[in-house]
Amino acid sequence: MVSIPCSDTLRDKVANAVNHVKKYSHPIILSYVFEIKEKDPLQIFSSFQSAYAGKRFYWATPDRTFILCGIGVELELTTDKKFSNRFFDIYSKWKDWKEHIQIEGAHPIGTGPLLFGGFSFDPLKNANSSKWKPFHEARFTLPSFMITKIGRHTLATINRVIQSTDDINEIINHFNTYEYTLKKKNEDTNSFLNFTIKKESLFYKKEWMAAVEKATEQIKQNRFEKVVLAREMLLEFEGSIDIHYVLSMLNEHQPNCYLFVVENEGKTFVGATPERLVSKRDQKVQSACVAGSIKRGKTVEADEEYAQMLLSDTKNIHEHQIVVKAIEKVFREYCQEVQLQNNPTILKTPNIQHLYTPVEGTVKKGFTLIDFVEKLHPTPALGGYPKDAALAFIRNEEPLERGWYAAPVGWMDDQDNGEFVVAIRSGLLDEQKAYLYAGCGIVGDSKPEEEYRETEIKFGPMQHALGGKLNEK
Ligand SMILES: C=C(O[C@@H]1C=C(C(=O)O)C=C[C@H]1O)C(=O)O
Ligand SMILES: [Mg+2]
């Protein structure tokens, strides 16, 4: 098992790093990667609750074969730039840092210095509250240390930003302390539901239904083809929400979904989404068209019947094809080879089933992960089509602030690998309050009552993880 080198070698590395800082007048990120005994990242997440609450992140892929658990904030990059500039501003800040990174130890993709964070859905939406303010238009952090689970392997990364004025002994101490912390046995942590829902508020039902009606009229007048309208639910609690409990519930009850948690001091954005926006590993990029929905059946037969109904439903197919067309267009432009199947299949999560078309490609030289994020977001699965007309409609008619809901959340490393999901089936936890979000794609033949029912199903996973009911199937 590889470990942090003995202190003499470590001293040399640190001295080298300090020289680099002086030579280039720029701080450096020194990153150590080493394998540790198999550990449960959920347990690690919770064992740092008291010392690092507000400074953690968590990420798991739908099959849970790739998990990140980040602790502490070594570096924070934020931007309040509007439009596409929020993407490129973050990218250029990270690019500056990329010239000043030293990594020690074998570091497979997903280890070493990587940023975790996300972007706002729409910087042009007027914010009437300060609910999302600490999240900025984009915010990414480099963790002080991180656990990466790849299959059965558990790797640890310790990062340190070294400034020219830093003391060498203190830096060495940083690495040794975290190495000790990561290797020691974690206490078993179980959390129990010790917070209960006091009040559930749903806002603006009438206004929302009217907005759906208005959208269908405008679609029939060919002003646009599709728009996604979302709703907000506020849950108020007796006792403080325990994020470890919520995450454990999502982990257990939402297989087939990505898990993400972004802590930001007192606020936490958390969700279990089935929808990948884009992943890039070396030159391979993947995205997914997820749009068109139907409930789960109570029996295997009923479930299959619903799936077949969805696969042949013209309204849902139309809703889905708009997304396929838009994502395919981006891939054809930015990739040299594109693979996608002609017809959607079914993606099932415990609460709902969706039409699903995965898209894959090999990126053309010169395009980056952030280029894809910028160009894809929001896909017509979350915004609509055409993009600008749909966004304008959402801005004017949707009675809520989306913040980071339905926006890209994920990670990126220094070699342009990374993955972003579409942050749906999610909520913003703020002490004794949780704001949950759910939306649905409106097309010409959408019926307000049916779409309303679809959002109720989509609130289900977060409601349940917070101690509320699991939607009846
Ligand atoms: C907007 C949401 O979901 C999106 C809308 C869907 C639909 O309308 O069929 C399906 C999947 C998602 O792309 C949400 O869950 O909040
Ligand atoms: Mg729908």
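Bear in mind the structure is a predicted one, so any value in this text is a computation, not a measurement. (Residues numbered from 1 in each chain as written. Chains lettered and ligands numbered in written order. Predicted model: local features only at pLDDT ≥ 70, side-chain atom pairs only at ≥ 80, totals over all residues. Heavy atoms only, no water.)

**Brief notes about the overall build of the protein chain**
Looking only at helices and strands, the protein chain has 12 helices and 23 strands in total. Here the protein chain has a C-alpha radius of gyration of 22 Å; the compact-globule value for 473 residues is 23 Å, and the two agree. Expressed as a percentage of the 473 residues in the protein chain, the buried residues total 59%. As presented, the protein chain carries roughly 19400 Å² of accessible surface, and 48% of it is formed by carbon and sulfur atoms. Positive and negative side-chain charges of the protein chain, numbering 60 and 64 respectively, have mean locations separated by a distance of 1 Å. (Helix = DSSP H or I, 4+ residues; strand = E, 2+ residues; numbered from the N terminus. Rg over C-alpha atoms; globule rule 2.2 N^0.38 Å. Buried < 20%, exposed > 50% of the residue type's maximum accessible area, 1.4 Å probe, protein only. Areas by Shrake-Rupley, 256 points an atom, 1.4 Å probe, with all protein chains shown as cover. Lys, Arg positive; Asp, Glu negative; His and termini not counted. Charge placed at Lys NZ, Arg CZ, Asp CG, Glu CD.)

**A word on the UniProt feature "binding site: Mg(2+)" (unreviewed entry) in the protein chain**
Residues given the UniProt feature "binding site: Mg(2+)" (unreviewed entry) here are E319 and E454. Of the residues just listed, which span 136 residues, no C-alpha pair is farther apart than 13.7 Å, and they cluster in one region. We classify E319 as buried; its relative accessible area is 2%. Beyond its immediate stretch of four places on either side in the chain, E319 contacts K226, A291, G292, G441, V443 and E454. Here E454 lies in helix 12 (residues 448-465). The exposure class assigned to E454 is buried, which follows from its relative accessible area of 9%. At a separation of 3.3 Å, a polar atom in the side chain of E454 contacts the side chain of S293. (UniProt positions renumbered as here; feature names shortened; annotations may be inferred. Contact = heavy atoms within 4.5 Å. Polar contact = N/O pair within 3.5 Å; in protein donor to acceptor, adjacent residues only side chain to side chain.)

**With respect to the UniProt feature "domain: Chorismate-utilising enzyme C-terminal" (unreviewed entry) in the protein chain**
Within this structure's numbering, the places UniProt gives as "domain: Chorismate-utilising enzyme C-terminal" (unreviewed entry) are residues 205-458. Between the end C-alpha atoms of residues 205-458 the distance is 16 Å, and the span holds 35% helix and 37% strand.

**What about the domain arrangement of the protein chain?**
Per the domain assignment, the segments of the protein chain are domain 1 (7-183) and domain 2 (196-465). Put simply, the middle of domain 1 and the middle of domain 2, counted by C-alpha atoms, are 27 Å apart. At the junction of the two partners, domain 1 supplies 55 residues and domain 2 supplies 59 residues. Here domain 1 and domain 2 share an interface that buries about 5000 Å² over both sides, 61% of which is from carbon and sulfur atoms. (Domains from an automatic or database assignment. Buried area = accessible area lost by both parts, 1.4 Å probe.)

**Remarks on the coordination of the magnesium ion (ligand 2)**
Tetrahedral coordination by four donors puts the ideal angle at the metal at 109.5 degrees, and octahedral coordination by six puts it at 90 or 180 degrees. Around the magnesium ion (ligand 2), the donor atoms from the protein are E319 (OE) and E454 (OE), and they sit 2.2 to 2.4 Å away. Of the two residues, E319 is situated in helix 9 (residues 314-334) and E454 in helix 12; the sequence distance between them amounts to 135 residues. (Donors = N, O, S within 2.8 Å, 3.2 Å for Na, K, Ca; no water.)

**Some thoughts on the packing of aromatic side chains**
Considering all chains together, one arrives at 29 aromatic pairs under this definition. Ring geometry for F331 against F372: centres 5.5 Å apart, planes inclined by 65 degrees, an arrangement best described as edge-to-face. In this pair, F331 sits in helix 9 while F372 sits in helix 10 (residues 369-376), placing the two residues 41 residues apart along the sequence. Residue class for F331 comes out buried when judged on its relative accessible area of 0%. The buried category is assigned to F372, whose relative accessible area is 0%. With a centroid separation of 5.4 Å and an interplanar angle of 20 degrees, the aromatic rings of Y405 and Y437 are classed as stacked. Taken together, the residues span a long stretch of sequence, with Y405 in the loop between helix 11 (387-397) and strand 20 (408-413) and Y437 in strand 23 (residues 433-442) at a distance of 32 residues. Through a chain of ring-to-ring contacts, three or more aromatic side chains come together here, namely W132, F135, F260, F269, W404, Y405 and Y437. Above the ring of F45, the side-chain terminus of R56 is found at 4.0 Å from the ring centroid. Residue placement shows R231 over the ring face of W208; its charged tip is 6.0 Å from the ring centre. (Phe/Tyr/Trp six-rings, centres within 6.5 Å; stacked < 30°, edge-to-face > 60°. Lys NZ or Arg CZ within 6 Å of the ring centre and 35° of its normal.)

**A look at the site of ligand 1**
Close to ligand 1 lie 19 residues; E275, V290, S293, Y405 and R425 are nearest. One nitrogen or oxygen atom from the main chain of V290 is found 2.7 Å from an oxygen atom belonging to ligand 1. Within the backbone of G292, one N or O atom sits 2.9 Å away from an oxygen atom of ligand 1. For ligand 1, whose free accessible area comes to 390 Å², the fraction covered by protein is 100%. At the level of secondary structure, the elements contributing two or more residues to the shell around ligand 1 comprise strand 15 (284-295), strand 23 and helix 12. When the residues that make up the shell around ligand 1 are grouped by side-chain class, the tally is nine nonpolar, five polar and five charged. (Near = heavy atom within 4 Å. Nonpolar A, V, L, I, M, F, W, Y, C, P; charged D, E, K, R; others polar.)

**Thoughts on the environment of T157**
Turning to its location among the elements, T157 is positioned in strand 9 (residues 153-162). Taking the C-alpha atoms as reference points, T157 and I147, separated by 10 residues in sequence, lie 6.5 Å from one another. In this structure, T157 is in contact with S31, Y32, V33, T111, G112, S144, F145 and M146, ignoring residues within four places of it in sequence. From its side chain, T157 meets the backbone nitrogen of G112 in a polar contact 3.0 Å long.

**A look at the pairing of strand 23**
Counting buried positions along strand 23 yields nine of 10 residues, so the element is predominantly enclosed. Summarising the sheet, strand 11 (residues 226-238) and strand 23 pair through 10 bridges and their orientation is antiparallel. Across the sheet, E236 pairs through a bridge with K433, a residue of strand 23. Judged from the five bridges that link them, strand 22 (residues 426-430) and strand 23 form a sheet pairing that is antiparallel. Along strand 23, the bridge assignment pairs L428 with Y435. In sequence, strand 22 turns back onto strand 23 through a hairpin of two residues, with E431 there showing a positive phi of about 55 degrees. (Pairing = 2+ DSSP bridges.)

**Describing helix 11**
Among all positions in helix 11, only A390, L391, F393 and I394 are buried. Buried residues of helix 11, seen end-on, are gathered within an arc of 160 degrees and therefore sit on one face of the element. Relative to its buried face, helix 11 has exposed residues pointing more than 90 degrees away, namely D388 and N396. (Arc of directions from axis to C-beta.)

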